[in-house]
Amino acid sequence: MIEVKNISKTYKAGSELIKAVDGVDLKIDQGEFTSIVGHSGSGKTTLLSLIGGLTKPDSGTVVIDGTDLWSISDDDLSEFRNLKINFIYQFASLIPTLNVLENVMLPTAFSKSDEPFEDYARELIEMVKLTDKVNSFPSQLSGGQQRRVAIARAFINRPEIILADEPTGDLDEETESEILGLFHNMNENQKITFLIVTHSTDIARGCNKRYRMSQGVLKSE
Amino acid sequence: MIKITLFHIANQNIRRKIFRSLAIAVSVAVVAGTLFSITTIMDSVETSLRRGTERLGADIMVVPANAEMKAKTALLAGDPSTFYMDKRIEDKVRQTEGVKKAASQLFLQSSEYECCDVADMLLIGFDPNNDFTIIPWLTKRLNRPLEDNEAIMGRALTAYAVGSNVRFYGTDIPIAGMLEETGMKFIDNSVFMPFKGLRKIAEDSATRGKETVDIPLDKVSTVLVQVNPEITAARVAIFIEHEIEGVKAIVSEQVIASVRKQLFILLRSILSISIVLWIMAMLLIGVVFSMIVNERQREIGLLRAMGAKKGNIFKLVMTEASVLSLAGGIIGISAGGLFLYIFKGFIRSSLDIPYLWPSAAQFSLLISFCLFLSFITGTLAALYPAIRSMRMEPYEAIRRGE
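Residues numbered from 1 in each chain as written. Chains lettered and ligands numbered in written order. Predicted model: local features only at pLDDT ≥ 70, side-chain atom pairs only at ≥ 80, totals over all residues.

Description of the interface of chain A and chain B
Taken together, the contacts link 28 residues of chain A with 25 residues of chain B. Only α2 (74–84) and α3 (100–105) of chain A provide two or more residues apiece to the side of chain A that touches chain B. Residue composition of the side of chain A that touches chain B, by class: 13 nonpolar, nine polar and six charged. (Contact = placed C-beta atoms within 7 Å. Helix = DSSP H or I, 4+ residues; strand = E, 2+ residues; numbered from the N terminus. Nonpolar A, V, L, I, M, F, W, Y, C, P; charged D, E, K, R; others polar.)

Re the sheet that holds strand β7 (residues 161–165) of chain A
Residues and elements named next belong to chain A. With mixed pairing, the six strands of this open sheet are ordered in space as β6-β7-β8-β3-β9-β10. Each edge of the open sheet carries a strand with a single partner, namely β6 (85–88) and β10 (217–220). Neighbour-to-neighbour, the strand axes of the sheet open up by a mean angle of 20 degrees, direction not taken into account. Here strand β9 (residues 209–214) runs beside β10; their pairing, made up of four bridges, is antiparallel. (Pairing = 2+ DSSP bridges. Axes fitted to C-alpha atoms, helices over the stretch in contact; angles between N-to-C directions.)

Re the nonpolar core
Membership of the largest hydrophobic core comes to 107 residues, with the highest contact counts inside it found for I51, V104, I125 and L163 of chain A together with F289 and V317 of chain B. Setting aside anything within four residues of it in sequence, one finds I51 of chain A in contact with I2, V4, V62, L163 and L195 of chain A. Counting 60 residues, the second largest nonpolar core, distinct from the first, contains I134, A176, V213 and I244 of chain B. (Core = buried A, V, L, I, M, F, W, Y, C linked by C-beta atoms within 7 Å. Buried ≥ 20, exposed ≤ 12 C-beta atoms within 10 Å, placed from the backbone.)

Side note on the confidence of the model for chain A
Across chain A, the average pLDDT comes to 91, with 100% of residues at or above 70. Element-level mean pLDDT values for chain A span from 83 in helix α7 (residues 201–205) of chain A up to 96 in α3 of chain A. (pLDDT = per-residue confidence, 0-100.)

Side note on the pairing of strand β8 (residues 190–194) of chain B
Look at any regular strand and the pattern is simple: side chains alternate between the two faces of the sheet. All names here are of chain B. Where burial is concerned, most of β8 is hidden: five out of the five residues are buried. Here β8 shows two buried faces, one formed by S190, F192 and P194 and the other by V191 and M193. Pairing geometry for strand β4 (residues 122–126) and β8, over five bridges, is parallel. Considered in β8, the bridge of F126 is made with P194. Bridge count between strand β5 (residues 151–153) and β8: two bridges; the pairing is antiparallel.

A look at the domain arrangement of chain B
According to the domain assignment, chain B contains domain 1 (6–51 + 258–400) and domain 2 (55–251). The C-alpha centroid of domain 2 of chain B is placed 48 Å from the C-alpha centroid of domain 1 of chain B. (Domains from an automatic or database assignment.)

Topic: unusual backbone geometry
Residues and elements named next belong to chain A. The phi dihedral of R158 is positive, around 50 degrees, even though this residue is not glycine. Positive phi values are uncommon outside glycine, yet Q215 reaches one of about 50 degrees. Structurally, the position occupied by Q215 is in the loop between β9 and β10. When the 14 C-beta atoms within 10 Å are taken as the criterion, Q215 is described as partly exposed.

Spelled out as structure tokens, the structure:
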């Protein structure tokens, strides 16, 4: 379960202070499929990063499964992320020098698990329909294919939470539909909690819970 | 089964921009190669001087006063030259305060005519009754007394082997043993034999050789001196020069110290240049790694988001730096070694000083030292960028990299 209490984050842009997230409260139960809709600059991505422990809030707490993310050490937080959370970004997030299989397996480099991940990685690659590209490098893939590799990578450590930031942005309708189908499938079969940040009201419509964010403030829809 | 490791990621990063990686490795290679060559030469000279002095076995070399330069040149550069002084000087030297042992030697230079195998070779006659330089070595290695007509050869005379003969003024001299290499041409390029044998050659040269040897029987070329342990060689040398007219007492340690000083001034200048090169290489690598870290900010942020700890990021940058430094070190040391091997003759002749390759153990030590230095070069240079990379907040790193 994710519990966000009265969280705020302010950035300094030149001499100006910008309140990206302003006193947000949010509660997401395990296995929920939640969306946050909002315009660019509304603070969605910052909120996602705060929930994922990528940046420290100025105030408030983020508690996941009973662990207050900012009360533990940086190493423990990294380990926590590696075990429980994974991210999907709106940009190409692959390492250019690693091939598809290696990119998918990348989070396992930081895992303490001795599990042989290769078979599962190949399974995930098959799931995103890139079996024939397993040895290809990012530069040999289209934008959509790269996004699918990043999605396969997000599941490799069997996370409990996926935080997705515009996961289907810039993709054609068919690919978008395929990817959302995959998300719903993982949500139903593996009870993975999804928190998706999007511009698209269509994507939001398919979620159990919907929120709207504007000027750092989150409101339920 | 494939397993992704930090080393694999670092290795792939090195291949990403191969010319940049090569530039880093080459800058380390230049430093490692220069340092390796210089330290090897310095070590070689030092070893040669030490071993040569040990082999010479004498603290002082007494020569005619007008032959000081000739003697020093013969001792260091090995240029054969002959000079003579009264044989009675040997007894006078022996009686001087502080002298423990004194032994005379007589130099004979080979002729360029066919009566001699090799022209300009130095045949050194010694007195087996008083000698303390060749005889102790013979006792250990030959296990029998040296016959009057036999000779011991310096190691550089590679055309000869134990059991073969060397021809001097028409006389074939059997070779009973070879001295170990000292790097001092005076010893390595000379043939040693007892006085009696040398005088016999001189006598026989009248009938056997094209050229007759005229050795003055009442003359010697040098008197080698061993001093008592409670007194310094320099002090005994002063006594000798004071007591005996017309001689020069050359203190081996002083000759060696002066050579060492002269050479080390030259090598120290080169070493200073190497140190400047080293600092420049460190700065260059530091700047390049700072660029690398800036370039990969988003990747670093992404890795942190995947669960990489600060230590993992630090290790990743440092592994890349270590691999490139070690590769550069290996390339540099190999190139330096190849340079020394190819130009060993040139180095020997241009330095004109004793030169002996270091032993395998010394070589291993020099290689290890230079490899360690190469490793330090890259890792120290990449230390600050590595620390900076691990301190980045993941979200900030991802945002800045966009």
